[in-house]
Amino acid sequence: MLAGMDQALETSVVRVRGDVMTAVRDRVAIERPLQIRVRIGDDERALSTTMRTPGDDVALAVGFLHAEGVLAGVGALRGADQISDDSVRVELAPSAAAALAASTRVFVTSAACGVCGRADLDGMAGGRAPAADVDTRVTAAVIHGLPGALRAAQATFDRTGGLHAAALFSPDGALVAVHEDVGRHNAVDKLVGRRLLAGKLPVTAGVLMLSGRASFELVQKAEAAGIPIVAAVGAPSSLAVERAAAAGMTLLGFVRDGGFNVYCGAGRIAGLTDADADAA
């Protein structure tokens, strides 16, 4: 994060509790635009502008390009720099030119949308990622513990109540990494981007825990990163279930209050088999 850039802003609010009104100071999550610029040789262009919470912007840009299929791996990355508070430049190898030309994203992307601005869904994941690790196993007890562990790691949420989070856990439930943002897809991009920059993709054995619902674009980003299990506090969408099943992933929803639903890939949950899910 750049000096002076925070993730929360103090503001005045009127708090109403029953018929009692009190003027207080509160904090809200910051949302600012981030322009993602891409350079290949002498050609530089603004590829996308996304609304995000400041912090780890380079990782966000790298994760975004990875999910888009523009940046296949760290070998195609020539450099990445934050050139202003709200702008990041990523320099790619000439080999990425064709993938960049195929990525059509010409509109501002809101913090709520991870695929807005695309001309179509072709080329998103769909075989680009390594096959999900079929040997990864987790217990129900580990899954039950993920929401609490995620919530405990959300430092900025404690101050604002206004951020989503994405966390990577090991199969035994140990927290590996967590990122917060006003955008659900931004939080995942930051997490994946940081792993790519560290040379730690694909994630062949791990659980991605989401603080909200599981939508298509979040499953797609997990697939591109090789993450075999996606768990969400909220519900999955129909397209998310279809994408996860086609990729051989495990998708869990409503992971909260001591329970969860398995939508596909039940065989990775200890004590369950895919046949159990089919019979339900």
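Residues numbered from 1 in each chain as written. Predicted model: local features only at pLDDT ≥ 70, side-chain atom pairs only at ≥ 80, totals over all residues. Heavy atoms only, no water.

A. Up close: helix H1 (residues 57–68). Taking 1.5 Å per residue, 12 residues should reach 16 Å; H1 reaches 16 Å between its end C-alpha atoms and fits that length. Across the 12 residues of H1, 12 count as buried, placing the element largely inside the fold. All of the buried residues along H1 are Asp 57, Val 58, Ala 59, Leu 60, Ala 61, Val 62, Gly 63, Phe 64, Leu 65, His 66, Ala 67 and Glu 68. Of the residues flanking the end of H1, it is Gly 69, one or two places downstream, whose phi is positive at about 85°. (Helix = DSSP H or I, 4+ residues; strand = E, 2+ residues; numbered from the N terminus. Expected span 1.5 Å × (residues − 1). Buried < 20%, exposed > 50% of the residue type's maximum accessible area, 1.4 Å probe, protein only.)

B. How the structure looks around the environment of Gly 234. Mapping Gly 234 onto the fold places it in the loop between strand S11 (229–232) and helix H7 (238–246). Using a relative accessible area of 12% as the deciding quantity, one classes Gly 234 as buried.

C. Focus on the packing of H1 against helix H5 (residues 184–197). Interhelical geometry of H1 versus H5 gives an angle of 90° and a closest axis separation of 6 Å. In terms of orientation, H1 and H5 fall into the roughly perpendicular class. When H1 is examined against H5, the residues Val 58, Ala 59, Leu 60, Val 62, Gly 63, Phe 64, His 66 and Ala 67 are found in contact with a partner set consisting of Asn 186, Asp 189, Lys 190, Val 192, Gly 193, Arg 194, Leu 196 and Leu 197. Taken together, the residues of the contact of H1 with H5 sort by class into nine nonpolar, four polar and three charged. (Axes fitted to C-alpha atoms, helices over the stretch in contact; angles between N-to-C directions. Parallel < 35°, antiparallel > 145°, perpendicular 65-115°, else oblique. Contact = heavy atoms within 4.5 Å. Nonpolar A, V, L, I, M, F, W, Y, C, P; charged D, E, K, R; others polar.)

D. How the structure looks around the nonpolar core. Counting residues in hydrophobic clusters, the biggest one holds 22 residues, and the most contacted among them are Ala 166, Val 188, Leu 208, Leu 210, Ile 227, Val 230 and Leu 251. Going through the elements one at a time, strand S8 (164–169), H5, strand S10 (207–210), helix H6 (216–224), S11 and H7 are the ones with two or more residues in this core. With four residues, the single largest contributor to this core is H5. If near-sequence neighbours (up to four positions away) are discounted, Ile 227 is found in contact with Leu 168, Val 203, Gly 206, Val 207, Leu 208, Ala 222 and Met 249. In this structure, Leu 34, Leu 60, Val 62 and Leu 100 belong to the second largest nonpolar core, which totals 21 residues. (Core = buried A, V, L, I, M, F, W, Y, C linked by side-chain atoms within 4.5 Å.)

E. Representation of the sheet that holds strand S9 (residues 175–181). Spatially, the six strands line up as an open sheet ordered S9-S8-S10-S11-S12-S13, and their pairing is mixed. Strand pairing shows two members of the sheet lacking a second neighbour, S9 and strand S13 (259–264), which therefore form its edges. Adjacent strand axes in the sheet meet at a mean angle of 20°, parallel and antiparallel pairs treated alike. Note: strand S12 (residues 250–256) against S13, four bridges, orientation antiparallel. Among the inter-strand pairings, Gly 253 is bridged to a residue of S13, identified as Asn 261. (Pairing = 2+ DSSP bridges.)

F. Spatial organisation of the confidence of the model for the chain. Overall, the prediction assigns the chain a mean pLDDT of 83, with 80% of residues at 70 or greater. Throughout residues 115–127 the model reports pLDDT below 50, and contacts reaching past four residues in sequence, or to other chains, amount to 26 contacts. (pLDDT = per-residue confidence, 0-100.)

G. Layout of the environment of Ala 98. Here Ala 98 lies in helix H2 (residues 97–102). For the pair Ala 98 and Val 70, spaced 28 residues apart in sequence, the C-alpha to C-alpha distance is 8.4 Å.

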